[in-house]
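Structural features, examined
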Number of protein chains: 2
Amino acid sequence: MHGMTGQDVAAPDVIVFDVNETLSDMAPMGRAFVAEGLPEHVARTWFSEALRDGFAVTAAGGAAPFAEIARDGLVRLGEQARLEAPETAAERLMGTFKDLDVHPDVVAGVRALAPSAELVTLSNGTARVAERLLERAGLRESFSRLLSVEDAPAWKPARSAYEHAVARCGADPGRMMLVAVHPWDVHGAHRAGLRTAWIDREGSRYPGHFAAPDLRAPDLPSLAEQLAHLSG
Amino acid sequence: MHGMTGQDVAAPDVIVFDVNETLSDMAPMGRAFVAEGLPEHVARTWFSEALRDGFAVTAAGGAAPFAEIARDGLVRLGEQARLEAPETAAERLMGTFKDLDVHPDVVAGVRALAPSAELVTLSNGTARVAERLLERAGLRESFSRLLSVEDAPAWKPARSAYEHAVARCGADPGRMMLVAVHPWDVHGAHRAGLRTAWIDREGSRYPGHFAAPDLRAPDLPSLAEQLAHLSG
(Lines give C-alpha, C1' and ligand atoms only; values in the text may rest on other atoms or scores of the structure.)
Protein backbone atom coordinates (compact mmCIF):
# COMPACT_ATOMS: atom_id res chain seq x y z
CA MET A 1 0.00 0.00 0.00
CA HIS A 2 1.73 3.09 -1.21
CA GLY A 3 -1.19 5.44 -0.56
CA MET A 4 -1.34 6.81 -4.09
CA THR A 5 -4.73 8.32 -4.76
CA GLY A 6 -4.57 8.49 -8.54
CA GLN A 7 -2.65 7.62 -11.66
CA ASP A 8 -2.19 11.29 -12.54
CA VAL A 9 0.69 11.98 -10.16
CA ALA A 10 3.84 12.58 -12.14
CA ALA A 11 7.35 12.92 -10.73
CA PRO A 12 7.61 16.61 -9.74
CA ASP A 13 10.07 19.15 -11.14
CA VAL A 14 10.26 20.95 -7.78
CA ILE A 15 9.89 19.46 -4.29
CA VAL A 16 8.87 21.99 -1.62
CA PHE A 17 9.75 20.87 1.91
CA ASP A 18 8.11 22.13 5.05
CA VAL A 19 10.83 22.66 7.70
CA ASN A 20 9.65 22.50 11.35
CA GLU A 21 8.88 18.85 12.28
CA THR A 22 9.05 17.73 8.64
CA LEU A 23 12.84 18.13 8.38
CA SER A 24 13.69 19.01 12.00
CA ASP A 25 13.31 16.49 14.82
CA MET A 26 11.40 18.16 17.67
CA ALA A 27 12.12 15.37 20.20
CA PRO A 28 14.83 17.42 22.01
CA MET A 29 12.19 20.07 22.82
CA GLY A 30 10.47 17.69 25.25
CA ARG A 31 13.76 17.12 27.09
CA ALA A 32 14.45 20.87 27.10
CA PHE A 33 11.04 21.53 28.70
CA VAL A 34 11.86 18.94 31.39
CA ALA A 35 15.20 20.66 32.02
CA GLU A 36 13.25 23.88 32.71
CA GLY A 37 11.00 22.10 35.22
CA LEU A 38 8.04 21.71 32.86
CA PRO A 39 6.38 18.40 31.93
CA GLU A 40 7.56 16.91 28.62
CA HIS A 41 4.06 16.97 27.14
CA VAL A 42 4.00 20.78 27.31
CA ALA A 43 6.28 20.81 24.25
CA ARG A 44 3.41 19.54 22.11
CA THR A 45 0.93 22.00 23.65
CA TRP A 46 3.35 24.84 23.01
CA PHE A 47 3.90 24.04 19.33
CA SER A 48 0.20 23.35 18.69
CA GLU A 49 -0.82 26.63 20.31
CA ALA A 50 1.86 28.61 18.45
CA LEU A 51 0.42 27.28 15.19
CA ARG A 52 -3.14 27.92 16.43
CA ASP A 53 -2.31 31.55 17.18
CA GLY A 54 -0.39 32.06 13.93
CA PHE A 55 -3.26 30.57 11.93
CA ALA A 56 -5.69 32.84 13.81
CA VAL A 57 -3.65 35.91 12.82
CA THR A 58 -3.64 34.56 9.24
CA ALA A 59 -7.40 33.84 9.20
CA ALA A 60 -8.02 37.40 10.43
CA GLY A 61 -6.07 38.70 7.43
CA GLY A 62 -2.72 39.59 9.04
CA ALA A 63 0.72 38.15 9.73
CA ALA A 64 3.12 37.90 12.67
CA PRO A 65 6.64 36.46 12.96
CA PHE A 66 6.65 32.80 14.01
CA ALA A 67 9.49 33.33 16.50
CA GLU A 68 7.55 36.11 18.25
CA ILE A 69 4.43 33.97 18.67
CA ALA A 70 6.50 30.96 19.75
CA ARG A 71 8.49 32.93 22.34
CA ASP A 72 5.38 34.63 23.72
CA GLY A 73 3.75 31.22 24.15
CA LEU A 74 6.79 29.93 26.04
CA VAL A 75 6.71 32.88 28.45
CA ARG A 76 3.00 32.39 29.15
CA LEU A 77 3.42 28.63 29.67
CA GLY A 78 6.28 29.37 32.07
CA GLU A 79 4.12 31.87 33.95
CA GLN A 80 1.24 29.39 34.18
CA ALA A 81 3.67 26.83 35.62
CA ARG A 82 4.95 29.48 38.08
CA LEU A 83 8.54 29.28 36.86
CA GLU A 84 10.80 31.74 38.66
CA ALA A 85 12.21 33.29 35.49
CA PRO A 86 9.84 32.53 32.59
CA GLU A 87 11.53 35.00 30.22
CA THR A 88 14.94 33.38 30.70
CA ALA A 89 13.48 29.89 30.32
CA ALA A 90 11.74 30.99 27.12
CA GLU A 91 15.03 32.27 25.69
CA ARG A 92 16.80 28.98 26.45
CA LEU A 93 13.93 26.98 24.89
CA MET A 94 13.97 29.17 21.76
CA GLY A 95 17.71 28.50 21.59
CA THR A 96 17.06 24.75 21.62
CA PHE A 97 14.37 25.18 18.97
CA LYS A 98 16.71 27.06 16.65
CA ASP A 99 19.44 24.43 17.08
CA LEU A 100 17.43 21.29 16.33
CA ASP A 101 18.82 18.64 14.01
CA VAL A 102 17.15 16.83 11.13
CA HIS A 103 15.30 13.52 11.58
CA PRO A 104 17.51 10.43 11.07
CA ASP A 105 15.90 9.67 7.67
CA VAL A 106 16.40 13.15 6.20
CA VAL A 107 20.00 12.91 4.97
CA ALA A 108 19.43 9.71 2.99
CA GLY A 109 16.04 10.96 1.79
CA VAL A 110 17.30 14.29 0.50
CA ARG A 111 20.28 12.64 -1.22
CA ALA A 112 17.90 10.21 -2.95
CA LEU A 113 15.50 12.97 -4.05
CA ALA A 114 18.03 15.62 -5.12
CA PRO A 115 19.19 14.12 -8.47
CA SER A 116 15.72 14.14 -10.05
CA ALA A 117 14.11 17.40 -8.83
CA GLU A 118 14.87 20.92 -7.67
CA LEU A 119 14.59 21.01 -3.87
CA VAL A 120 13.39 24.08 -1.94
CA THR A 121 12.05 24.75 1.56
CA LEU A 122 8.98 26.83 2.45
CA SER A 123 8.65 27.59 6.16
CA ASN A 124 6.32 29.59 8.37
CA GLY A 125 9.53 30.46 10.25
CA THR A 126 12.57 32.31 8.97
CA ALA A 127 14.79 31.13 6.13
CA ARG A 128 17.75 31.48 8.53
CA VAL A 129 16.49 28.66 10.79
CA ALA A 130 16.13 26.38 7.75
CA GLU A 131 19.59 27.38 6.54
CA ARG A 132 21.29 26.54 9.85
CA LEU A 133 19.40 23.25 10.10
CA LEU A 134 20.46 22.17 6.61
CA GLU A 135 24.03 23.40 7.06
CA ARG A 136 24.44 21.35 10.25
CA ALA A 137 23.15 18.29 8.35
CA GLY A 138 25.52 18.93 5.42
CA LEU A 139 22.52 19.29 3.10
CA ARG A 140 22.49 23.00 2.32
CA GLU A 141 23.85 22.58 -1.22
CA SER A 142 21.05 20.15 -2.12
CA PHE A 143 18.51 23.00 -1.92
CA SER A 144 18.26 25.76 -4.53
CA ARG A 145 16.06 28.11 -2.44
CA LEU A 146 15.10 28.51 1.22
CA LEU A 147 11.78 30.38 1.23
CA SER A 148 9.89 31.90 4.14
CA VAL A 149 6.30 33.10 4.34
CA GLU A 150 7.76 36.30 5.79
CA ASP A 151 8.07 37.30 2.11
CA ALA A 152 4.69 35.81 1.08
CA PRO A 153 3.30 37.57 3.24
CA ALA A 154 0.64 35.19 4.67
CA TRP A 155 1.43 31.99 6.59
CA LYS A 156 0.78 28.56 5.21
CA PRO A 157 -1.88 27.19 4.76
CA ALA A 158 -3.12 30.45 3.15
CA ARG A 159 -3.07 30.16 -0.63
CA SER A 160 -0.73 33.13 -1.06
CA ALA A 161 2.06 31.33 0.83
CA TYR A 162 2.19 28.57 -1.78
CA GLU A 163 1.73 31.06 -4.62
CA HIS A 164 4.85 32.80 -3.32
CA ALA A 165 6.81 29.55 -3.75
CA VAL A 166 5.31 28.97 -7.20
CA ALA A 167 6.31 32.49 -8.29
CA ARG A 168 9.84 32.20 -6.91
CA CYS A 169 10.42 28.83 -8.54
CA GLY A 170 8.85 29.90 -11.84
CA ALA A 171 7.28 26.45 -12.14
CA ASP A 172 3.84 25.08 -12.95
CA PRO A 173 2.17 24.39 -9.56
CA GLY A 174 1.01 21.00 -10.88
CA ARG A 175 4.69 20.07 -11.35
CA MET A 176 5.55 21.06 -7.76
CA MET A 177 5.08 18.75 -4.76
CA LEU A 178 4.80 19.89 -1.16
CA VAL A 179 6.26 17.43 1.36
CA ALA A 180 5.10 17.83 4.98
CA VAL A 181 4.23 15.94 8.15
CA HIS A 182 1.37 18.38 8.83
CA PRO A 183 -2.01 17.60 7.26
CA TRP A 184 -2.92 21.31 7.32
CA ASP A 185 0.07 22.03 5.06
CA VAL A 186 -0.90 19.26 2.64
CA HIS A 187 -4.43 20.72 2.62
CA GLY A 188 -3.30 24.26 1.80
CA ALA A 189 -0.86 23.15 -0.89
CA HIS A 190 -3.53 20.95 -2.51
CA ARG A 191 -5.95 23.88 -2.61
CA ALA A 192 -3.24 26.02 -4.22
CA GLY A 193 -2.83 23.45 -7.02
CA LEU A 194 0.35 21.70 -5.90
CA ARG A 195 0.86 17.95 -5.65
CA THR A 196 1.33 16.74 -2.09
CA ALA A 197 3.11 14.06 -0.09
CA TRP A 198 2.33 13.39 3.56
CA ILE A 199 5.22 12.06 5.66
CA ASP A 200 3.77 10.04 8.53
CA ARG A 201 6.65 8.88 10.72
CA GLU A 202 4.33 7.86 13.56
CA GLY A 203 1.78 5.76 11.69
CA SER A 204 -1.24 7.94 12.37
CA ARG A 205 -4.52 8.45 10.56
CA TYR A 206 -5.00 11.36 8.16
CA PRO A 207 -7.74 13.74 9.39
CA GLY A 208 -10.94 13.70 7.35
CA HIS A 209 -11.38 17.49 7.32
CA PHE A 210 -8.21 18.15 5.28
CA ALA A 211 -7.66 17.46 1.58
CA ALA A 212 -6.02 14.04 1.20
CA PRO A 213 -2.38 13.82 0.05
CA ASP A 214 -1.47 12.48 -3.39
CA LEU A 215 1.24 10.32 -1.82
CA ARG A 216 1.98 9.17 1.70
CA ALA A 217 5.19 7.68 3.05
CA PRO A 218 6.64 6.76 6.46
CA ASP A 219 9.88 8.64 5.72
CA LEU A 220 11.78 10.51 3.00
CA PRO A 221 13.67 7.52 1.51
CA SER A 222 10.32 5.74 1.05
CA LEU A 223 8.97 8.82 -0.70
CA ALA A 224 12.02 8.86 -2.99
CA GLU A 225 11.32 5.22 -3.89
CA GLN A 226 7.71 6.00 -4.74
CA LEU A 227 8.70 8.96 -6.89
CA ALA A 228 11.29 6.87 -8.73
CA HIS A 229 8.45 4.63 -9.95
CA LEU A 230 6.39 7.51 -11.34
CA SER A 231 6.66 8.71 -14.89
CA GLY A 232 8.17 12.15 -15.38
CA MET B 1 -6.76 48.90 37.12
CA HIS B 2 -9.71 48.26 34.86
CA GLY B 3 -7.70 47.75 31.67
CA MET B 4 -9.50 50.39 29.64
CA THR B 5 -7.36 51.45 26.73
CA GLY B 6 -9.16 54.66 25.81
CA GLN B 7 -11.93 57.08 26.69
CA ASP B 8 -13.74 56.31 23.46
CA VAL B 9 -15.41 53.09 24.61
CA ALA B 10 -19.12 53.66 24.99
CA ALA B 11 -21.61 51.23 26.52
CA PRO B 12 -22.51 48.88 23.65
CA ASP B 13 -25.98 48.36 22.16
CA VAL B 14 -25.23 44.69 21.43
CA ILE B 15 -22.97 42.32 23.37
CA VAL B 16 -21.73 39.34 21.35
CA PHE B 17 -20.62 36.41 23.51
CA ASP B 18 -18.26 33.71 22.44
CA VAL B 19 -19.59 30.36 23.75
CA ASN B 20 -16.97 27.60 24.22
CA GLU B 21 -14.82 28.40 27.31
CA THR B 22 -16.19 31.96 27.52
CA LEU B 23 -19.64 30.87 28.74
CA SER B 24 -19.08 27.12 29.17
CA ASP B 25 -16.78 25.74 31.85
CA MET B 26 -14.44 23.19 30.25
CA ALA B 27 -13.09 21.82 33.57
CA PRO B 28 -15.26 18.64 33.37
CA MET B 29 -13.48 17.73 30.11
CA GLY B 30 -10.24 17.04 32.01
CA ARG B 31 -12.08 14.64 34.34
CA ALA B 32 -13.81 13.00 31.36
CA PHE B 33 -10.42 12.40 29.70
CA VAL B 34 -9.17 10.78 32.93
CA ALA B 35 -12.28 8.55 33.00
CA GLU B 36 -11.29 7.32 29.51
CA GLY B 37 -7.77 6.49 30.68
CA LEU B 38 -6.13 9.60 29.22
CA PRO B 39 -4.11 12.19 31.18
CA GLU B 40 -6.09 15.28 32.22
CA HIS B 41 -3.77 17.63 30.31
CA VAL B 42 -4.80 16.03 27.01
CA ALA B 43 -8.06 18.00 27.25
CA ARG B 44 -6.15 21.22 26.62
CA THR B 45 -4.13 19.70 23.77
CA TRP B 46 -7.33 18.43 22.18
CA PHE B 47 -9.12 21.78 22.26
CA SER B 48 -6.05 23.75 21.13
CA GLU B 49 -5.49 21.38 18.21
CA ALA B 50 -9.16 21.45 17.20
CA LEU B 51 -8.92 25.25 16.99
CA ARG B 52 -5.56 24.99 15.19
CA ASP B 53 -7.06 22.70 12.55
CA GLY B 54 -10.23 24.78 12.19
CA PHE B 55 -8.20 27.96 11.80
CA ALA B 56 -6.02 26.19 9.21
CA VAL B 57 -9.10 25.27 7.17
CA THR B 58 -10.24 28.90 7.52
CA ALA B 59 -6.84 30.35 6.54
CA ALA B 60 -6.87 28.13 3.44
CA GLY B 61 -10.21 29.64 2.44
CA GLY B 62 -12.64 26.90 3.48
CA ALA B 63 -14.82 25.79 6.37
CA ALA B 64 -15.53 22.58 8.30
CA PRO B 65 -17.97 21.80 11.13
CA PHE B 66 -16.41 22.27 14.56
CA ALA B 67 -17.91 19.03 15.89
CA GLU B 68 -16.36 17.04 13.04
CA ILE B 69 -12.88 18.44 13.67
CA ALA B 70 -13.27 18.01 17.44
CA ARG B 71 -14.45 14.38 17.18
CA ASP B 72 -11.73 13.49 14.68
CA GLY B 73 -9.12 14.91 17.06
CA LEU B 74 -10.48 12.82 19.92
CA VAL B 75 -10.29 9.63 17.87
CA ARG B 76 -6.69 10.34 16.86
CA LEU B 77 -5.67 11.18 20.45
CA GLY B 78 -7.31 7.93 21.58
CA GLU B 79 -5.42 5.99 18.90
CA GLN B 80 -2.12 7.62 19.88
CA ALA B 81 -2.77 6.59 23.51
CA ARG B 82 -3.61 3.03 22.30
CA LEU B 83 -7.13 3.07 23.74
CA GLU B 84 -9.04 -0.13 22.99
CA ALA B 85 -12.07 1.66 21.49
CA PRO B 86 -11.06 5.20 20.47
CA GLU B 87 -14.28 5.80 18.49
CA THR B 88 -16.48 4.97 21.47
CA ALA B 89 -14.34 7.06 23.82
CA ALA B 90 -14.57 9.97 21.36
CA GLU B 91 -18.38 9.72 21.31
CA ARG B 92 -18.55 9.79 25.12
CA LEU B 93 -16.17 12.77 25.29
CA MET B 94 -18.20 14.66 22.67
CA GLY B 95 -21.26 13.94 24.81
CA THR B 96 -19.55 15.53 27.81
CA PHE B 97 -18.53 18.50 25.67
CA LYS B 98 -22.10 19.09 24.50
CA ASP B 99 -23.44 18.86 28.06
CA LEU B 100 -21.09 21.34 29.76
CA ASP B 101 -22.47 23.94 32.15
CA VAL B 102 -21.73 27.65 32.35
CA HIS B 103 -18.96 29.08 34.56
CA PRO B 104 -20.12 30.03 38.08
CA ASP B 105 -19.99 33.77 37.28
CA VAL B 106 -22.09 33.58 34.11
CA VAL B 107 -25.62 33.64 35.56
CA ALA B 108 -25.03 36.77 37.68
CA GLY B 109 -23.03 38.38 34.87
CA VAL B 110 -25.65 37.84 32.17
CA ARG B 111 -28.44 39.07 34.49
CA ALA B 112 -26.42 42.23 35.19
CA LEU B 113 -25.68 42.86 31.50
CA ALA B 114 -29.10 42.03 30.03
CA PRO B 115 -31.06 45.17 31.05
CA SER B 116 -28.79 47.60 29.20
CA ALA B 117 -27.88 45.79 25.95
CA GLU B 118 -29.10 43.20 23.46
CA LEU B 119 -27.26 39.92 24.13
CA VAL B 120 -26.34 37.45 21.37
CA THR B 121 -23.91 34.56 21.02
CA LEU B 122 -21.55 33.92 18.11
CA SER B 123 -19.91 30.50 18.15
CA ASN B 124 -17.58 28.50 15.92
CA GLY B 125 -19.77 25.58 16.99
CA THR B 126 -23.46 25.06 16.34
CA ALA B 127 -26.22 27.30 17.69
CA ARG B 128 -27.81 24.15 19.17
CA VAL B 129 -24.91 23.65 21.63
CA ALA B 130 -25.22 27.28 22.78
CA GLU B 131 -28.98 26.89 23.11
CA ARG B 132 -28.75 23.81 25.32
CA LEU B 133 -26.04 25.42 27.45
CA LEU B 134 -28.11 28.56 28.05
CA GLU B 135 -31.34 26.60 28.60
CA ARG B 136 -29.71 24.48 31.30
CA ALA B 137 -28.50 27.67 33.00
CA GLY B 138 -31.96 29.27 32.78
CA LEU B 139 -30.50 32.08 30.62
CA ARG B 140 -31.95 31.36 27.19
CA GLU B 141 -34.49 34.20 27.34
CA SER B 142 -31.75 36.76 28.04
CA PHE B 143 -30.38 36.27 24.50
CA SER B 144 -32.11 37.56 21.39
CA ARG B 145 -30.06 35.54 18.89
CA LEU B 146 -27.78 32.49 18.97
CA LEU B 147 -25.53 32.79 15.93
CA SER B 148 -23.13 30.25 14.45
CA VAL B 149 -20.35 30.70 11.92
CA GLU B 150 -21.95 27.75 10.08
CA ASP B 151 -24.08 30.48 8.47
CA ALA B 152 -21.19 32.99 8.13
CA PRO B 153 -19.63 30.87 6.47
CA ALA B 154 -16.03 31.36 7.75
CA TRP B 155 -14.90 30.64 11.32
CA LYS B 156 -13.91 33.36 13.72
CA PRO B 157 -11.42 35.09 13.69
CA ALA B 158 -12.05 35.65 9.93
CA ARG B 159 -13.63 39.02 9.32
CA SER B 160 -16.70 37.55 7.63
CA ALA B 161 -17.72 35.74 10.84
CA TYR B 162 -18.12 39.05 12.70
CA GLU B 163 -19.70 40.70 9.66
CA HIS B 164 -22.32 37.94 9.79
CA ALA B 165 -23.19 38.96 13.38
CA VAL B 166 -23.23 42.65 12.44
CA ALA B 167 -25.61 41.96 9.55
CA ARG B 168 -27.93 39.78 11.62
CA CYS B 169 -28.10 42.32 14.45
CA GLY B 170 -28.49 45.27 12.07
CA ALA B 171 -26.24 47.32 14.34
CA ASP B 172 -23.26 49.61 13.89
CA PRO B 173 -20.16 47.42 14.55
CA GLY B 174 -18.74 50.23 16.70
CA ARG B 175 -21.76 49.85 19.00
CA MET B 176 -21.24 46.08 19.33
CA MET B 177 -18.87 44.47 21.83
CA LEU B 178 -17.41 40.99 21.55
CA VAL B 179 -16.84 39.27 24.91
CA ALA B 180 -14.43 36.33 24.89
CA VAL B 181 -11.75 34.53 26.91
CA HIS B 182 -9.76 33.89 23.72
CA PRO B 183 -7.33 36.57 22.58
CA TRP B 184 -7.65 35.40 18.95
CA ASP B 185 -11.37 36.18 19.09
CA VAL B 186 -10.75 39.66 20.55
CA HIS B 187 -8.22 40.19 17.75
CA GLY B 188 -10.60 39.21 14.95
CA ALA B 189 -13.49 41.26 16.36
CA HIS B 190 -11.25 44.30 16.74
CA ARG B 191 -10.11 44.03 13.13
CA ALA B 192 -13.77 43.79 12.05
CA GLY B 193 -14.53 47.09 13.82
CA LEU B 194 -16.23 45.80 16.99
CA ARG B 195 -15.43 46.85 20.55
CA THR B 196 -13.93 44.08 22.61
CA ALA B 197 -13.76 42.79 26.17
CA TRP B 198 -11.33 40.09 27.27
CA ILE B 199 -12.48 37.88 30.14
CA ASP B 200 -9.41 36.59 31.95
CA ARG B 201 -10.58 34.23 34.70
CA GLU B 202 -7.07 32.85 35.25
CA GLY B 203 -5.08 36.05 35.59
CA SER B 204 -2.87 35.55 32.54
CA ARG B 205 -1.02 37.93 30.27
CA TYR B 206 -2.52 39.07 26.97
CA PRO B 207 -0.37 37.93 24.00
CA GLY B 208 1.48 40.70 22.18
CA HIS B 209 0.69 39.42 18.68
CA PHE B 210 -3.07 39.98 18.98
CA ALA B 211 -4.91 43.34 18.97
CA ALA B 212 -5.43 44.46 22.59
CA PRO B 213 -8.95 44.41 24.08
CA ASP B 214 -10.81 47.66 24.84
CA LEU B 215 -11.78 46.28 28.24
CA ARG B 216 -10.55 43.41 30.38
CA ALA B 217 -12.26 41.84 33.36
CA PRO B 218 -11.75 38.76 35.58
CA ASP B 219 -15.40 37.69 35.14
CA LEU B 220 -18.74 38.78 33.69
CA PRO B 221 -20.08 40.65 36.76
CA SER B 222 -16.89 42.77 36.79
CA LEU B 223 -17.42 43.52 33.11
CA ALA B 224 -21.03 44.58 33.85
CA GLU B 225 -19.73 46.95 36.52
CA GLN B 226 -17.23 48.51 34.11
CA LEU B 227 -19.89 48.96 31.43
CA ALA B 228 -22.26 50.58 33.96
CA HIS B 229 -19.69 53.35 34.41
CA LEU B 230 -19.40 54.10 30.70
CA SER B 231 -21.54 56.66 28.93
CA GLY B 232 -24.06 55.29 26.45
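Not measured: the values here are computed from a predicted model.

1. Concerning the domain arrangement of chain A
All names here are of chain A. We note that the domain assignment places domain 1 (14-24 + 101-228) and domain 2 (27-98) within chain A. Here the C-alpha centre of domain 2 lies 23 Å away from the C-alpha centre of domain 1. Of the residues lining the interface, 10 residues belong to domain 1; the matching set on domain 2 comes to eight residues. Across the side of domain 1 that touches domain 2, the residue classes tally to five nonpolar, three polar and two charged.

2. Brief notes about the packing of helix 2 (residues 42-59) of chain B against helix 3 (residues 66-80) of chain B
Residues and elements named next belong to chain B. Where helix 2 contacts helix 3, the two axes come as close as 9 Å, and the packing angle between them is 135°. Put simply, helix 2 runs oblique to helix 3. Helix 2 and helix 3 meet at a crossing whose hand is right-handed. In this structure, helix 2 uses Val 42, Trp 46, Glu 49, Ala 50, Asp 53 and Gly 54 to contact helix 3, whose residues at the interface are Phe 66, Ile 69, Ala 70, Gly 73, Leu 74 and Leu 77.

3. Thoughts on the nonpolar core
Core analysis: the biggest nonpolar cluster contains 144 residues, and A:Val16, A:Val179, A:Leu223, B:Val16, B:Val179 and B:Leu223 have the highest contact counts within it. Residues within four places of B:Val179 in sequence aside, it is in contact with B:Ile15, B:Val16, B:Phe17, B:Asp18, B:Thr22, B:Ala197, B:Ile199 and B:Leu223.

4. Here we look at the interface of chain A and chain B
In many analyses, interface size is given as the accessible surface area lost on bringing the parts together. Taken together, the contacts link 35 residues of chain A with 35 residues of chain B. Elements supplying a minimum of two residues to the side of chain A that touches chain B: helix 2 (42-59), helix 3 (66-80) and helix 8 (183-191) of chain A. In terms of residues, the side of chain A that touches chain B owes the most to one element, helix 2 of chain A, which gives 12 residues. Class assignment of the residues belonging to the side of chain A that touches chain B gives a composition of 13 nonpolar, 11 polar and 11 charged.

5. Section: the pairing of strand 2 (residues 118-123) of chain A
Residues and elements named next belong to chain A. Pairing analysis gives four bridges linking strand 1 (residues 14-17) to strand 2, with the strands arranged parallel. Counterpart to Val 16 in the pairing with strand 2 is Val 120. Pairing of strand 2 with strand 3 (residues 145-148), which is carried by four bridges, proceeds in the parallel orientation. If you follow Ser 123 over to strand 3, its bridge partner there is Ser 148. Where the polypeptide runs from strand 2 across helix 6 (residues 127-136) and back to strand 3, its parallel neighbour, the crossover connection is right-handed.

6. With respect to helix 5 (residues 106-113) of chain A
Residue and element names in this part refer to chain A. Of the positions making up helix 5, those classed as buried are Val 106, Gly 109, Val 110 and Leu 113. Down the axis, helix 5 shows its buried residues gathered within 95° of arc, on one side only. Where helix 5 is buried, its residues contact strand 1, strand 2 and helix 9 (220-228).

7. Some remarks on the relation of the copies chain A and chain B
Screw-axis analysis of chain A against chain B gives a translation of 0.0 Å along the axis, an RMSD of 0.0 Å, and a rotation angle of 180°. As the rotation angle and translation indicate, the two copies are arranged about a two-fold axis. Looking at the interface residues of chain A, 100% of them are also at the interface in chain B, so both copies use one shared face.

8. Topic: helix 7 (residues 159-169) of chain A
In an α-helix, one turn spans 3.6 residues; hence positions three or four apart end up facing the same way. Residues and elements named next belong to chain A. Turning to helix 7, its buried residues are Ala 161, Tyr 162, His 164, Ala 165 and Cys 169. One face of helix 7 carries all of its buried residues, which in axial projection span an arc of 145°. Looking at the buried residues of helix 7, the elements they touch are strand 1, strand 2, strand 3, strand 4 (176-180) and helix 8. In the segment just after helix 7, Gly 170 is the residue with positive phi, at about 60°.

9. Structural notes on the environment of A:Glu225
Residues and elements named next belong to chain A. Among the structural elements, Glu 225 can be located in helix 9. Residue classification places Glu 225 among the partly exposed residues on the basis of 13 C-beta atoms within 10 Å. It is 38 Å that separates the C-alpha atoms of Glu 225 and Ala 64, two residues lying 161 residues apart in sequence.

What counts, and at which threshold
- Residues numbered from 1 in each chain as written.
- Chains lettered and ligands numbered in written order.
- Predicted model: local features only at pLDDT ≥ 70, side-chain atom pairs only at ≥ 80, totals over all residues.
- Domains from an automatic or database assignment.
- Contact = placed C-beta atoms within 7 Å.
- Nonpolar A, V, L, I, M, F, W, Y, C, P; charged D, E, K, R; others polar.
- Axes fitted to C-alpha atoms, helices over the stretch in contact; angles between N-to-C directions.
- Helix = DSSP H or I, 4+ residues; strand = E, 2+ residues; numbered from the N terminus.
- Parallel < 35°, antiparallel > 145°, perpendicular 65-115°, else oblique.
- Left-handed = near helix turned anticlockwise from the far one by under 90°.
- Core = buried A, V, L, I, M, F, W, Y, C linked by C-beta atoms within 7 Å.
- Buried ≥ 20, exposed ≤ 12 C-beta atoms within 10 Å, placed from the backbone.
- Pairing = 2+ DSSP bridges.
- Right-handed = clockwise from strand over helix to strand, strands pointing away.
- Arc of directions from axis to C-beta.
- Least-squares fit on C-alpha atoms with pLDDT ≥ 70 in both.

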